[in-house]
Amino acid sequence: MVRRMLVVLAAALLVLSLAPPAQAAQGEVYVALGDSAASGPLIPNQIGPDYGCWRSDRNYAHLTAQAIGASVLRDRTCSGAETDDLYNSQSTDLGDVPPQLDAVGPDTTLVTVQIGANDLGLTDFIEDCLNLLPPPVGDACNDDYMVGGQDKWRVGTDALRPRLLTLVSDIRARAPQARIFMVGYATYAPPNGCYPRVPIIRADANYIRATLMYFNQMLAEQAAAAGVGFIDLQTPSADHSPCASSGQRWIEPYVPTSPAVPFHPNARGMRGFATAVTAAVTSVL
């Protein structure tokens, strides 16, 4: 009897040893797509193989993958990426990188995509509004973007709408079983700004704020139209803009005090964003 039990136990142990771990069998295959707001340039530790993407192993994709117990993470976020770079090779200072969508396949179960800001040049827009001297010596930047009575940024934002719907459709075609989430952008300017701590005058701070709010609203609307999730980063970061103290901010100002590119997330911000992303992706299973 004992011998028979030992044989049965040995057989059971052999089966268990050959079976894949439960987490690997059940864990998400997570693909992260996006630009520098997602990749985490200069946040330690910067990882390869695509070093020109300035990708951190502490960006929200990595932290989310760890939090949800993903079995696979394919992080293809890359600084400077535009929507075209999801389909075509992207040129970086350290060489070309493959199209981001190459990482999406039939085994993919979760996709986050944060893209579009570089299509419009919104980072350059914020940099253009740097104003070391207030009016009348320094000029406001917001008037420069009215062309023919139309706001350049709103026109560009609206032009991006069909491209995002096509992108979601293409992700679905590659990964029919995947849950897809479009990720919005953070708060880069509080109401009225905080001149001179962040040298953007009040009118320009409010213009930047309104422009990015409109952009985030567009992303949310297109996510709803495509039938995918939207992750709001603007609301949780409202009290953590570049105007916040160095110990509270999630987005660094023109002169960073933490390892990060100006007007990009720092490590604290990535942790905050990961909390929002994790909550969103685990609420839809």
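Above this text is the structure in question.
Residues numbered from 1 in each chain as written. Predicted model: local features only at pLDDT ≥ 70, side-chain atom pairs only at ≥ 80, totals over all residues. Heavy atoms only, no water.

Asks: Explanation requested: the packing of helix H7 (residues 152-159) against helix H9 (residues 202-226) in the structure shown.
Replies: Each pair of packed helices can be summarised by the angle the axes make with each other and by the distance between the axes. Two numbers describe how H7 lies on H9: the axes approach to 10 Å, and their chain directions differ by 10°. The angle between H7 and H9 falls in the class roughly parallel. Of the two elements, H7 crosses H9, and the hand of that crossing is right-handed. Where H7 approaches H9, its residues Trp153, Arg154, Thr157 and Asp158 are matched on the opposing element by Tyr207, Ala210, Thr211, Tyr214, Phe215 and Met218. Partitioned by chemical class, the residues of the contact of H7 with H9 number six nonpolar, two polar and two charged. (Axes fitted to C-alpha atoms, helices over the stretch in contact; angles between N-to-C directions. Helix = DSSP H or I, 4+ residues; strand = E, 2+ residues; numbered from the N terminus. Parallel < 35°, antiparallel > 145°, perpendicular 65-115°, else oblique. Left-handed = near helix turned anticlockwise from the far one by under 90°. Contact = heavy atoms within 4.5 Å. Nonpolar A, V, L, I, M, F, W, Y, C, P; charged D, E, K, R; others polar.)

Asks: Whenever I open this one, the state of the cysteines confuses me. Can you help?
Replies: The bond known as a disulfide is covalent and runs between the sulfur atoms of two cysteines. Under the counting rule described, the total for this entry stands at three disulfides. Residue pairing for Cys129: its cysteine sulfur links by disulfide to Cys141, the two sulfurs lying 1.9 Å apart. Here the disulfide of Cys129 and Cys141 is right-handed, its torsion about the S-S bond being about 70°. Taken together, the residues Cys129 in the loop between helix H6 (122-128) and strand S8 (146-147) and Cys141 in the loop between H6 and S8 connect sequence positions 12 residues apart. A relative accessible area of 1% places Cys129 in the buried class. Each sulfur of the disulfide joining Cys194 and Cys243 lies 2.0 Å from the other. Here Cys194 and Cys243 share a disulfide; its torsion about the S-S bond, -85°, makes the bridge left-handed. Residue Cys194 is found in the loop between strand S10 (179-183) and H9, and its partner Cys243 is found in the loop between strand S11 (229-231) and helix H10 (267-283); the two are separated by 49 residues along the sequence. The same class applies to Cys194 as to Cys243, namely buried. (Disulfide = S-S within 2.5 Å. Buried < 20%, exposed > 50% of the residue type's maximum accessible area, 1.4 Å probe, protein only.)

Asks: In this structure, what is going on with the packing of aromatic side chains? I would like to understand it.
Replies: Ring pairs (aromatic) are described by centroid distance and by the angle formed between their planes. Evaluation of the coordinates by the stated rule reveals eight aromatic pairs. Aromatic side chains Phe125 and Tyr207 sit 5.6 Å apart centroid to centroid with 85° between the ring planes, which places their arrangement in the edge-to-face category. Taken together, the residues Phe125 in helix H6 and Tyr207 in helix H9 connect sequence positions 82 residues apart. Classification of Tyr207 as buried rests on a relative accessible area of 12%. (Phe/Tyr/Trp six-rings, centres within 6.5 Å; stacked < 30°, edge-to-face > 60°.)

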